[in-house]
Amino acid sequence: MFLGNLARDIQLTQKKQTKTNPAMKLSVSSFLILGASLFTLSSCVTTPTAQKMREANTMLKQSAKKAEKGDYAGANSAAAAIGSGVRGAVELAPVVQSKTGKDVNLKPLLAAWESGPYKDLRKALAGSQEKAATAAFTNLRGQCTNCHTAIGRPEIRVN
Ligand code: HEC
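This text gives an overview of the structure that appears in the document. For every chain, the first residue of the written sequence is number 1, and numbering continues from 1 onward in sequence order. Reporting of local features is limited, given that this is a predicted model, to residues whose pLDDT is at least 70; pairs of side-chain atoms are given and counted only at 80 or more, and all residues count toward the totals for whole chains, interfaces and linings.

### Observations concerning helix 5 (residues 107-126)
Every α-helix carries 3.6 residues per turn, so stepping three or four residues along brings you back to the same face. The condition that has to hold: A residue's bend is given by the angle between axes fitted to the 7 residues ending at it and the 7 residues starting at it. The helix and strand labels rest on DSSP assignments: H or I over at least four residues marks a helix, E over at least two residues marks a strand, and numbering proceeds from the N terminus. Remark: residues whose backbone-derived C-beta atoms lie within 7 Å of one another are considered to be in contact.
The sharpest bend along helix 5 reaches about 40 degrees and sits at Tyr 118. Considering only its buried residues, helix 5 is in contact with helix 3 (48-68), helix 4 (72-92) and helix 6 (130-150).

Structural data, given as structure tokens:
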């Protein structure tokens, strides 16, 4: 009687063990879900920061085109959008990890960008100064690249 019970208990335990553990099933499916979301994330590489940067890049192209055609007012309002794009991008993620794994605080770089060639560009466009505007566009692009270099990504294309 006692031995019989014991044998049944052992059988029961073995049955339980061979049945797929529901917790394990759950962890397998969450692993699959995790994998799928990581895949989705990596295939859509746009971070909100990158999105704003791209907007700034587009506005830079538009601004330069308008200035070339002598539309300084249009160029200047496009330039305002360059500024808000870059500022907005940095404010979303003020500290980024450079390619070498070092944390880079973008705030001082943003301040240098805003008070340097960006300010010069706005002034030149507001005053319809062709030569000054051309120079400011070149310097501005250089300063965009300076910041990308600081985060270890000098290859980012700037219009
Ligand atoms: C203060 C630093 C800083 C300045 C100034 C700056 N950028 Fe960026 N930029 C970044 C960072 C950080 C990223 C990476 C964003 C990401 O991958 O999430 C980036 C990424 C980009 C990208 C790539 C976006 C993508 O699709 O991955 C473009 C294009 C870009 N910037 C254009 C510009 C232009 C144009 C300017 C100047 C008008 C500029 N940036 C000025 C920090 C800066």
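### Notes on the site of the ligand
Basically, it comes down to this: Whether a residue is near a molecule or strand depends on its C-beta atom, generated from backbone atoms, being within 6 Å of that molecule or strand.
Around the ligand there are 23 residues in total, and Thr 49, Ala 50, Met 53, Cys 144 and Cys 147 lie nearest to it. Only helix 3, helix 4, helix 5 and helix 6 provide two or more residues apiece to the shell around the ligand. Broken down by element, the shell around the ligand gets its largest block of residues, 7 residues, from helix 3.

### Brief notes about the nonpolar core
Defined as follows: In these notes, a nonpolar core means any group of buried Ala, Val, Leu, Ile, Met, Phe, Trp, Tyr and Cys residues linked to one another through C-beta atoms within 7 Å. Burial in this document is a count-based property: other C-beta atoms within 10 Å of a residue's C-beta are tallied, and the residue is buried at 20 or more, exposed at 12 or fewer, or partly exposed in between, with C-beta positions derived from the backbone.
Residues Ala 56, Ile 82, Leu 121, Leu 125 and Ala 133 are the most contacted members of the largest nonpolar core, which totals 26 residues. The greatest single-element share of this core, amounting to 8 residues, is contributed by helix 4. Each residue touching Leu 125, except ones within four places of it in the same chain, is listed here: Ala 67, Tyr 72, Ala 75, Asn 76, Ala 79 and Ala 133.

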